Amino acid sequence: MAERGSPDYFSCPLCVSLLRDPVAIPCGHSFCMDCISGYWNEADYTGIYICPQCKITFTQRPVLRPNATLTLVAEKIKKSGLNLNAGPAPGGSYAGPADVPCDFCSGKKLKALKSCLNCLASYCEKHLKPHYESATFKRHKLVDELGNLDRKICPQHQKSLELFCRTDQMCICAICTVSEHRGHDIVSAEAERSEKQKLLGISTAEIRQKCQERVKELEELRTAVDSLKNSAQRAMVESQKMFEDMIRSIERMRSEVTKMIGINEKAAFSQAEALVERLEQEIDELKKKEAGLKQLYSTEDHIHFLQNFNYLCTPTDDGFIPRVTLNPDFSFGSVRKAVAEIKDRLEEFGREELQKISKSVNDVPVYTTENRTLERRSRAKEMTVVDSALPPEPKARADFVKYFCQLRLDANTAYKELHLSDGSRKVTRTRDLQPYGEGPERFDSFAQVLCREALSGGRFYWEIEWSGEFSIGVAYKSISRKGKSSLCLLGYNDRSWSLLCSDSGYSAWHNRVDNAVSGPHSPRIGVYLDHAAGVLAFYSIGSSMTLLYRFQTSFLEPLYPGFGVGTSVKICQLK
């Protein structure tokens with residue numbers, strides 16, 4: 001570990017740069033906030049958090065607290081211009097986040113140059129010297145630096161994985177040959193690699209051909225998309241122009257109707273004003289005549305009375321000014337009604353035409369897709385015909401047992417009411433919530449659990465004992481696990497296949513399709529999987545072995561055995 005006075009003390013062991021927003025973790029080491037957060041984010045699914053420097057393990061993610069002292073010191077160093085990243089000693093470079101660090105360097109670790117498959121450790125140039133100079137390490141096998149060397153050890157016997165079991169399609173150690181894999185077809189890892197490497201050329205050619213096909217499809221799709229964009233743009237521009245023309249046409253209609261109403265209104269008012277003026281004049285004359293008659297009536301001058309009587313008593317000529325009566329049939333309400341009818345007819349016509357447009361656009365698919373499954377099946381059949389060395393499908397239980405595979409339940413996927421026991425081979429439904437952490441792989445609404453093993457490319461067989469209604473099946477890793485949708489259930493989607501078992505009988509499920517199954521009830525069920533051939537079969541195990549249901553399909557990804565638990569399920573040990 002770097003001393004407190006050393007410049008390395010102020011460098012982040014992960015990014016090998018001056019600490020930025022330094023935080024301290026419980027073991028005392030300091031890191032950049034972003035570096036340690038990103039490092040532990042990748043470990044969230046395991047629930048185990050390790051100090052990258054001293055390898056101390058924390059079962060709960062530590063709370064990151066800023067280190068005020070280191071922050072101040074780092075700021076001063078930054079302002080002073082002191083170069084903390086002058087580089088390692090000659091002959092090596094510091095390991096970055098993507099590099100394999102030397103397992104024997106203390107403090108800031110150098111980048112490893114080689115890994116030893118015997119020591120299961122990685123070395124920088126300095127610590128690699130004993131392997132070249134000491135006779136003790138002469139026979140050790142050195143390879144280019146490798147990470148995750150713990151994967152080269154047998155998890156059961158803690159010995160190096162040097163052999164390959166063709167029966168179970170897995171790497172094993174020497175002790176496995178006399179225990180779990182006794183009597184299996186076993187060869188050296190080198191020999192199996194030599195055989196499988198022959199297939200790489202074929203796979204490489206197929207992948208290259210697929211890549212070329214996909215590139216061609218991509219170019220065609222991009223061309224089609226560009227054409228579609230041009231067509232859409234052209235349609236938008238032309239539609240906009242026609243709508244603007246229609247709007248101008250409606251504006252003209254509005255202007256003409258407004259003008260028509262205005263002209264009629266003005267004409268009516270002009271005619272009425274002339275009549276009003278003439279009527280007012282006649283009223284004035286009549287009022288003057290009435291005043292003259294009153295004055296004549298009250299005069300005492302007999303001569304004046306007689307001289308004006310004939311003039312004042314002469315009747316008024318009523319025919320000079322016509323009588324005005326408003327025509328009850330004329331009203332501008334008819335204009336409003338006519339405009340309202342135009343509006344309704346336009347809206348109705350627009351709705352009908354929009355429906356036609358929508359139907360012509362939406363009912364014609366933009367793209368058509370073709371399922372590649374048939375192509376894969378045909379290729380699989382060709383491979384089956386060519387590879388005549390494959391053994392026949394097993395018939396008797398003894399033949400199935402040859403393909404027995406060890407399964408362990410994955411606690412990271414288990415629903416919180418499921419208790420795992422017996423070395424993760426048994427699962428029991430309980431009412432008590434188990435202390436599982438949250439994670440993306442966990443089923444959060446249904447009592448289901450998957451196994452750790454990913455089965456792919458070979459033949460596999462396992463048996464289980466059960467009680468209470470349950471389901472047994474296999475699923476792709478991408479099966480939905482969150483929420484209460486039935487798409488998370490085994491067999492209720494296109495990513496899983498299952499057999500539902502209860503005291504009343506069986507039913508086989510895939511993609512929500514229920515297939516009735518008839519067969520003898522048994523507390524033990526056998527499952528046979530031939531991944532390459534696309535075969536998944538379920539058997540009732542009793543005094544005899546009875547086929548319950550067989551799926552024949554094409555498996556496109558590795559499969560994980562899984563269970564939906566009613567009461568309890570136990571994975572049986574057959575060897």
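Structural data are supplied above this passage.
Asks: For the pairing of strand 18 (residues 505-510), give the residues involved together with the corresponding values.
Replies: Every other side chain in a regular strand lies on the same face of the sheet, so the side chains alternate between the two faces. The pairing of strand 17 (residues 496-502) with strand 18 spans six bridges and is antiparallel. Along strand 18, the bridge assignment pairs Leu 500 with Ser 507. Joining the antiparallel neighbours strand 17 and strand 18 is a turn of two residues. One ladder, built from five bridges, connects strand 18 with strand 19 (residues 513-517); its direction is antiparallel. Residue pairing for strand 19: His 510 is matched across the bridge by Val 513. The turn joining strand 18 and strand 19, which pair antiparallel and follow one another in sequence, is formed by two residues; a positive phi near 55° is taken by Asn 511.

Asks: Explain the nonpolar core to me, using residue names and the numbers behind them.
Replies: Core analysis: the largest hydrophobic core is formed by 40 residues, its most contacted members being Trp 462, Ile 464, Ile 472, Leu 499, Leu 536 and Phe 563. No other element matches the four residues that strand 15 (residues 459-467) contributes to this core. For Trp 462, the residues in contact, after removing those within four places along its chain, are Phe 404, Cys 405, Leu 407, Leu 455, Ile 472, Val 474, Ile 525, Gly 526, Val 527, Leu 529 and Pro 561. Grouped together as the second largest cluster of nonpolar side chains are 19 residues, Cys 12, Leu 19, Val 23 and Leu 70 included.

Asks: I'd like to hear about the packing of aromatic side chains, residue by residue, with values.
Replies: Enumeration over the complete set of coordinates arrives at 13 aromatic pairs. With 4.9 Å between their ring centres and 70° between their planes, Tyr 549 and Phe 551 make a pair best called edge-to-face. Since its relative accessible area comes to 7%, Phe 551 is described here as buried. Three or more aromatic residues joined by ring pairs form one cluster here, namely Phe 400, Tyr 403, Tyr 461, Tyr 528 and Tyr 539. Arg 481 extends its terminal NZ or CZ atom over the ring of Phe 443, reaching a point 5.7 Å from the ring centre.

About the thresholds
Residues numbered from 1 in each chain as written. Predicted model: local features only at pLDDT ≥ 70, side-chain atom pairs only at ≥ 80, totals over all residues. Heavy atoms only, no water. Pairing = 2+ DSSP bridges. Helix = DSSP H or I, 4+ residues; strand = E, 2+ residues; numbered from the N terminus. Core = buried A, V, L, I, M, F, W, Y, C linked by side-chain atoms within 4.5 Å. Buried < 20%, exposed > 50% of the residue type's maximum accessible area, 1.4 Å probe, protein only. Contact = heavy atoms within 4.5 Å. Phe/Tyr/Trp six-rings, centres within 6.5 Å; stacked < 30°, edge-to-face > 60°. Lys NZ or Arg CZ within 6 Å of the ring centre and 35° of its normal.

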